[in-house]
Amino acid sequence: MLANRYATLQPDRMCNLYTPIRTAAEIGRLFPAHDRTGNEPWPDDAYPDRLAPIIRQGVHGAEIVKARWGMPTPPTYLPASGRDSGVTNIRNVGSPHWRRWLGPEHRCLVPVDRFSEPGADRKPVWFASIDGGPMFFAGIEVRGWTSIRKVKDGETTDDLFGFLTCSPNAEVEEIHPKAMPVILRTQQEWETWMSAPWGIAMKLQRPIASGSLRIRA
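Residues numbered from 1 in each chain as written. Predicted model: local features only at pLDDT ≥ 70, side-chain atom pairs only at ≥ 80, totals over all residues. Heavy atoms only, no water.

Peer 1: So what exactly am I meant to see when it comes to the sheet that holds strand β1 (residues 18-19) here?
Peer 2: Sheets are built from strands that pair by backbone hydrogen bonding, the pairs being arranged parallel or antiparallel. Strand order in the open sheet made by the 4 strands is β1-β7-β8-β13, with antiparallel pairing throughout. The sheet is open, and its two edges are formed by β1 and β13 (213-216), each paired on a single side. Both β1 and strand β7 (residues 114-118) contribute to a ladder of 2 bridges, which runs antiparallel. When the bridges of β7 are listed, Tyr18 appears paired with Phe115. (Pairing = 2+ DSSP bridges. Helix = DSSP H or I, 4+ residues; strand = E, 2+ residues; numbered from the N terminus.)

If you want it as structure tokens, here you go:
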């Protein structure tokens with residue numbers, strides 16, 4: 001029963017694979033931010049519970065850092081072992097578990113070159129912007145969270161992130177009819193997500209306009 005309840009947090013392997021923008025220098029040209037990564041290229045694809053780049057609010061303004069993909073799981077859904085593999089994508093922002101991280105101080109931008117949804121044969125179908133322009137997922141993050149991510153490692157303290165999801169647009173719905181990531185394309189959307197009160201920023205949790213994405217080999 002517990003496994004079934006936990007499955008509702010991870011909707012059918014939805015978008016658990018994407019490709020980040022390659023370096024912090026490229027990210028910084030889109031959204032000015034201090035690089036805290038050393039501008040070293042990261043692995044081509046991002047997987048759950050691995051490190052990936054995000055833009056978050058730092059002491060001296062926006063900063064590019066690496067964080068572990070997977071926000072803390074609601075305690076109700078944790079197994080008896082206490083292992084928390086993390087929640088990669090979040091839709092029910094009305095839940096008290098997520099509401100504490102919806103303010104600007106916990107919001108982040110997740111730079112993405114392309115993202116995948118599982119096709120009928122379970123192989124990834126990749127999506128990119130139709131015009132080759134930049135994309136960010138609307139993310140949330142928490143810093144210094146102590147949990148057991150892997151039993152063999154015991155407790156670790158990590159900076160974590162996940163991103164919001166919404167109903168799919170026309171292109172994604174053909175492949176995955178349940179949901180898609182919240183995608184932000186414009187400077188105004190990026191600024192709004194990073195700084196606006198929740199009553200304004202929440203309106204960005206909606207599908208990107210149909211016709212904005214293409215399937216990419």
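Peer 1: Explain the environment of Arg206 to me, please; I cannot follow it from the model alone.
Peer 2: Summarising the element assignment, Arg206 is placed in the loop between α6 (198-201) and β13. Take Arg206: its relative accessible area is 27%, and that puts it in the partly exposed class. Those residues within four positions of Arg206 in sequence are excluded, and the remaining contacts are Cys166, Val182, Ile183 and Glu189. Within polar-contact distance, the side chain of Arg206 engages the side chain of Glu189 at 2.6 Å. (Buried < 20%, exposed > 50% of the residue type's maximum accessible area, 1.4 Å probe, protein only. Contact = heavy atoms within 4.5 Å. Polar contact = N/O pair within 3.5 Å; in protein donor to acceptor, adjacent residues only side chain to side chain.)

Peer 1: Hey, could you run me through the side chain of Asp84 in this one?
Peer 2: Relative to the assigned elements, Asp84 resides in the loop between β4 (61-69) and β5 (89-90). We note that Asp84 is buried and unpaired, the nearest opposite charge coming from Arg149 at a distance of 4.6 Å. Of note is the side chain of Asp84, whose polar atom sits 2.9 Å from the backbone nitrogen of Gly86. If we skip the residues at most four places from it in the chain, Asp84 touches Pro72, Thr73, Leu78, Ile148 and Arg149. (Lys, Arg positive; Asp, Glu negative; His and termini not counted. Salt bridge = Lys/Arg side-chain N within 4 Å of Asp/Glu carboxyl O.)

Peer 1: So what exactly am I meant to see when it comes to the pattern of salt bridges here?
Peer 2: Opposite charge on two side chains allows them to pair when their charged atoms are near. Applying the stated criterion across every chain yields a total of 13 salt bridges. Between Asp158 and Arg68 there is a salt bridge whose closest N-O contact spans 3.1 Å. One end of the pair, Asp158, is in strand β10 (residues 154-166); the other, Arg68, is in strand β4, with 90 residues separating them in the sequence. Asp131 is the partner of Arg185 in a salt bridge, and the nearest nitrogen-oxygen pair spans 2.9 Å. Of the two residues, Arg185 sits in the loop between β12 (183-184) and α5 (187-195) while Asp131 sits in the loop between β8 (124-129) and β9 (135-150), which places them 54 residues apart along the sequence. A network of salt bridges, in which partner residues are shared, links Arg36, Arg56, Glu63 and Asp159.

Peer 1: Sorry if this is basic, but what is going on with unusual backbone geometry here?
Peer 2: Most peptide bonds take the trans configuration, and most residues that are not glycine carry a negative phi. Its identity as a non-glycine residue notwithstanding, Asn39 has a phi of 55 degrees, on the positive side. Tracing the backbone shows Asn39 in the loop between β2 (34-35) and β3 (51-58). Positive phi outside glycine occurs at Asp49, with the angle close to 70 degrees. Looking at the element boundaries, Asp49 is found in the loop between β2 and β3.

Peer 1: Got a minute to help me understand the packing of aromatic side chains in this structure?
Peer 2: To describe a pair of aromatic rings, one takes the distance between the centres and the angle between the planes. The full count for this structure, using the stated rule, is 12 aromatic pairs. Measuring from ring centre to ring centre gives 6.2 Å for Tyr18 and Phe163, while their planes differ by 80 degrees; the resulting arrangement is edge-to-face. Highlighted residues: Tyr18 in strand β1 and Phe163 in strand β10, separated in sequence by 145 residues. When sorted by exposure, Tyr18 lands in the same class as Phe163, which is buried. The interplanar angle of 70 degrees and the centroid separation of 6.0 Å between the aromatic rings of Trp193 and Trp198 together place this pair among those described as edge-to-face. For Trp193, a relative accessible area of 1% translates into the label buried. The partly exposed category is assigned to Trp198, whose relative accessible area is 22%. (Phe/Tyr/Trp six-rings, centres within 6.5 Å; stacked < 30°, edge-to-face > 60°.)

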